Amino acid sequence: MDLIHQHVLIVTFLHLIMMCAVESNVHPKIKLLSNYSIHEAPIRKDGVPIDVNFTINLRIILEVNEVSQLISMETSIRIFWKDYRVQPELENGKEYITLNPISAKHFWIPDIFIDQSKDVRVPNYYVKPASLRIYADQTLRYSSRINFDVACSMEFHRYPVDEQLCEINFESFGHTNKQLKFQWVKGSNINPNISLAQFELDVALEDTYQTDYYDLSYPGIGLITNQLYIWHNFLDIFSHVNL
């Protein structure tokens, strides 16, 4: 055997070793199909879009900045989808396996971004506050705590009774409506104890919204906050002036 053939065999052998090492780093009870690629979504053969389901835990609204026209909040966001290429081997009685968030790099994950966000922060100490679950039915769930600031166009024509409507939209960056379908599912939680100094707050979840400002239509869902100014103090001052 000549040197060139020996070199090719060695390179091929090393490549196989590296491939095995990458797969073994995921989890000993998680198997990936041989054609698995993190660059390809698990598109169904019948062409039906992949359901990407969301829940949110809105923990607190940190600030409504009228000068900068920003709203800041702390949330935990969970996304669910199925990937038939991921094959877990669970012990009896177990519904899922929970992986360290660093393992997420081995899996395809929906490419979600927050539209018109100015800043996104992860409040971690050492380990990122996130997890990846893999269920027996091949459902994957990625959960993460994030804080973010989002632009919110505010109107002040009716001060002091203005009502500010802020839309926080989650979109796919590179997949169209024909590939992914976004929707809220049961399990979201809006903290009922959220209080803002000068606002009364109402929050609603919106399943779909139009992205027709792009050349193609991309999936998206929204979180809508409605802030109504509390003007009781204004009424008190006005009544005292008229005494």
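So, a few notes on the structure that sits alongside this text.

Criteria and thresholds
- Residues numbered from 1 in each chain as written.
- Predicted model: local features only at pLDDT ≥ 70, side-chain atom pairs only at ≥ 80, totals over all residues.
- Heavy atoms only, no water.
- Phe/Tyr/Trp six-rings, centres within 6.5 Å; stacked < 30°, edge-to-face > 60°.
- Helix = DSSP H or I, 4+ residues; strand = E, 2+ residues; numbered from the N terminus.
- Buried < 20%, exposed > 50% of the residue type's maximum accessible area, 1.4 Å probe, protein only.
- Lys NZ or Arg CZ within 6 Å of the ring centre and 35° of its normal.
- Pairing = 2+ DSSP bridges.
- Disulfide = S-S within 2.5 Å.
- Salt bridge = Lys/Arg side-chain N within 4 Å of Asp/Glu carboxyl O.
- Lys, Arg positive; Asp, Glu negative; His and termini not counted.
- Polar contact = N/O pair within 3.5 Å; in protein donor to acceptor, adjacent residues only side chain to side chain.
- Contact = heavy atoms within 4.5 Å.

Right, let's talk about the packing of aromatic side chains for a bit. In the structure shown here, the tally under the stated rule is 9 aromatic pairs. Taken together, a centroid distance of 6.5 Å and an interplanar angle of 40° make the contact between Phe54 and Phe170 tilted. Taken together, the residues Phe54 in strand 2 (residues 50–65) and Phe170 in strand 10 (residues 163–172) connect sequence positions 116 residues apart. Under the relative-accessibility criterion, Phe54 is labelled buried at 1%. Exposure remark for Phe170: the relative accessible area of 2% places this residue in the buried category. The aromatic ring of Tyr96 is capped on one face by Arg133, whose charged end is 4.0 Å from the ring centroid.

So, about the pairing of strand 8 (residues 130–135). Counting buried positions along strand 8 yields 5 of 6 residues, so the element is predominantly enclosed. One ladder, built from 4 bridges, connects strand 5 (residues 96–99) with strand 8; its direction is antiparallel. Bridge pairing in strand 8 links Ile97 to Ile134. Bridging between strand 8 and strand 9 (residues 139–151) involves 5 bridges; their strand directions are antiparallel. Note on strand 9: the bridge partner recorded for Ala130 is Ser144.

By definition, a disulfide links the sulfur atoms of two cysteine residues through a covalent bond. Counted under the stated rule, the structure contains 1 disulfide. The disulfide partner of Cys152 is Cys166, and the gap between their sulfur atoms is 1.9 Å. Its S-S torsion of about -85° marks the bond between Cys152 and Cys166 as left-handed, since a negative value means left-handed. Of this pair, Cys152 sits in the loop between strand 9 and strand 10 while Cys166 sits in strand 10; the two residues are 14 residues apart in sequence, bridging distant segments of the chain. Judged by relative accessible area, which is 1%, Cys166 ranks as buried.

This paragraph deals with the pattern of salt bridges. Summed over the entire model, instances satisfying the criterion amount to 8 salt bridges. For Asp119, the salt bridge is made with Arg121, and the minimal N-O distance between the two is 3.0 Å. Taking relative accessible area as the criterion, Asp119 reaches 33% and is therefore assigned partly exposed. The salt bridge partner of Asp149 is Arg121, with a shortest N-O separation of 3.0 Å. Residue Asp149 is found in strand 9, and its partner Arg121 is found in strand 7 (residues 117–121); the two are separated by 28 residues along the sequence. Exposure remark for Asp149: the relative accessible area of 13% places this residue in the buried category. Of the residues examined, Arg121 reaches a relative accessible area of 28% and is grouped as partly exposed. When salt bridges that share partners are traced, they join Arg59, Glu74 and Arg145 into one network.

Take the side chain of Arg141 next. Within the fold, Arg141 resides in strand 9. Of the side chains with opposite charge, Glu95 comes closest to the buried, unpaired Arg141, at an N-O distance of 10 Å. Engagement of the side chain of Arg141 in a polar contact is seen with the side chain of Ser131, the distance being 3.0 Å. Aside from chain neighbours lying at most four places away, what touches Arg141 is Arg78, Ile79, Phe80, Ser131, Leu132, Arg133 and Tyr135.

For Gln116, which is not a glycine, the phi torsion comes out positive at approximately 60°. Take Gln116: its relative accessible area is 53%, and that puts it in the exposed class. Although it is not a glycine, Gln138 sits at a positive phi angle of roughly 75°. Mapped onto the elements, Gln138 comes out in the loop between strand 8 and strand 9. Judged by relative accessible area, Gln138 falls into the partly exposed class, the value being 24%.

By themselves, these observations are geometric and do not establish any function.
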